[in-house]
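# Working through the structure, step by step
As a plain string of letters, each chain reads:
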Amino acid sequence: MSVFTKKRWMIPILVVVFPAVLWLALIRHLISFFFRALKPKNYPPVLRTPEESFIGLDKLGYDFTANYVELCGGNLHLPRVHYVDEGPKDSDNVILCIHGEPTWSFVYRFMMKELASSGFRVIALDFIGFGKSDKYSSPDMYTHELHVHTLHLFIQHLNLENITLVVHDWGGPVGLSVVKMIPERIANLCVLNTVLPCRDDTVFKHVINLIHFISWSAAIFVFQTHIPLNAVFRGYGKLDYDTVNGYTAPFPNYRYKAGVARWPQLIPMMPWGNKRIIEDMRSTKRFLRTWKKPVLMMFSDNGISGGGASKELFKSLFPHGKDIVINGGGYLLQEFKGEELAQNLIQFLRSQR
């Protein structure tokens, strides 16, 4: 009996996956060669999206006051970070919203209005490379540790306590990693359409669940900073022209997309790759298995990354957590179901009192 008869799962990998990877690599090198010829050799290491790029967002519901901070920790001095801080500053409940890729705080605008009007202080920051925060022009400047330290220092700088941490998409691995660093500051968790990669059990059982993340990583691998974000957002649901432009406003050209191009490469989707990050993900899972504080899980019943094995993972991590299915939320469930998410979260937090 041949090895292929014993391990039939190897056949599609050899026949489909390997040739696809080779073709992607070839296409990437061709695209890289073309764009390198057009790219200027010298440009600033840190970029700031012009303010005029954000004109008109108030008409889409993003009419919040901009706040900025430059974070420092030890020898680390970070570029300017933008955040929105709405609702009463003396509120006992602080809701901190963490965006994913390639979104920014704009995605939380409907939730924020609902939460703030209900008496909660709600904060949403933009990671470096996204939204109104400064952006490194080189993808090499972006690391998993950069995003983790940014969030950690941000929480310490504002001295936030009794936090309800809301994580979505790629913001999940970053936000949940920070939880184990400062658990005393986190009171509740709210998990939206996200994933913790590098499962320690059968890998291929979860490939379908990770298809969105793997596909996005493949697209980034090919297009790099030239990823057509307008087309990407149009594929996420029925977004009108102005809303798509709202999501892509922070990225007026390819130079501003280095953070977008890099983030998917930072989190291994399989149990190989960067060993340091893999161990961080595994230690995060081990810590979360001991988490006894309240957890609200809201996954879509449709769309990419909306449930499946990822949701089952979180249900196994948080058997005491509350699980609410968001019908028709899709990938950008905050965009299409923002008010519903906010009301669910409000009821959840009030039930803890």
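Here we summarise the structure given alongside this text. Predicted, not measured: the structure shown is a model, and the values here were computed from it. Along each chain, the written sequence defines residue order, and numbers are assigned to residues from 1. In keeping with the model being predicted, local features are shown solely for residues with a pLDDT of at least 70 and side-chain atom pairs are shown and tallied solely at 80 or more, while totals for entire chains, interfaces and linings include all residues. Note that water and hydrogens are dropped before the side-chain values are worked out from all heavy atoms of the structure.

This part covers the packing of helix α5 (residues 171–179) against helix α10 (residues 275–288). Geometry of a packed helix pair, given as the angle between the helix axes and the separation of the axes. As a rule, the C-alpha atoms of each element are fitted with a line to give its axis, helices using only the stretch in contact, and angles between N-to-C directions run from 0 to 180 degrees. Under the scheme used here, helices are H or I runs from DSSP no shorter than 4 residues and strands are E runs no shorter than 2 residues, and both carry numbers assigned from the N terminus. Look at α5 against α10: their axes get within 9 Å of each other, and the N-to-C directions meet at 60°. As far as their axial angle goes, α10 and α5 are oblique. For the pair α5 and α10, the sense of crossing is left-handed. Here α5 contributes Pro173, Leu176, Ser177 and Val179 to the contact with α10, which in turn contributes Asp280, Met281, Thr284, Phe287 and Leu288. Residue polarity follows a fixed list, in which Ala, Val, Leu, Ile, Met, Phe, Trp, Tyr, Cys and Pro are nonpolar, Asp, Glu, Lys and Arg are charged, and the others, Gly among them, are polar. Broken down by class, the residue content of the contact of α5 with α10 amounts to six nonpolar, two polar and one charged. Just so you know how the angles are binned, under 35 degrees is roughly parallel, over 145 roughly antiparallel, 65 to 115 roughly perpendicular, and the rest oblique. The sense of a crossing depends on the near helix, which, turned anticlockwise from the far helix by less than a right angle, makes the crossing left-handed and, turned clockwise, makes it right-handed. By the convention used here, residues are in contact when the closest approach between their heavy atoms is within 4.5 Å.

Moving on, we come to the pattern of salt bridges. What makes a salt bridge here is a side-chain nitrogen of Lys or Arg within 4 Å of a carboxyl oxygen of Asp or Glu, nothing more. One pass over the structure, following the stated rule, counts 11 salt bridges. Across the pair arginine 121 and aspartate 85 runs a salt bridge, and its minimum N-O distance is 2.7 Å. Taken together, the residues arginine 121 in strand β5 (residues 121–125) and aspartate 85 in strand β3 (residues 76–86) connect sequence positions 36 residues apart. Given a relative accessible area of 9%, aspartate 85 falls into the buried group. Two residues, lysine 315 and aspartate 323, come together in a salt bridge whose shortest N-O distance is 3.8 Å. Residue exposure (1.4 Å probe, protein chains only): buried if accessible area is under 20% of the type maximum, exposed if over 50%, otherwise partly exposed. The class of lysine 315 is partly exposed, set by a relative accessible area of 33%. Sharing partners across several salt bridges, the network here consists of Asp85, Lys89 and Arg121.

A few words now on the pairing of strand β7 (residues 163–169). Where burial is concerned, most of β7 is hidden: seven out of the seven residues are buried. For strand β4 (residues 94–98) and β7, the ladder comprises five bridges, and the chain directions are parallel. Its bridge partner lying in β7, valine 94 is registered against isoleucine 163. In this analysis, strands are considered paired if DSSP registers two or more bridges between them. Where β7 and strand β8 (residues 186–194) come together, seven bridges link them in parallel fashion. In the sheet register, isoleucine 163 faces β8, and the bridge partner there is isoleucine 186.

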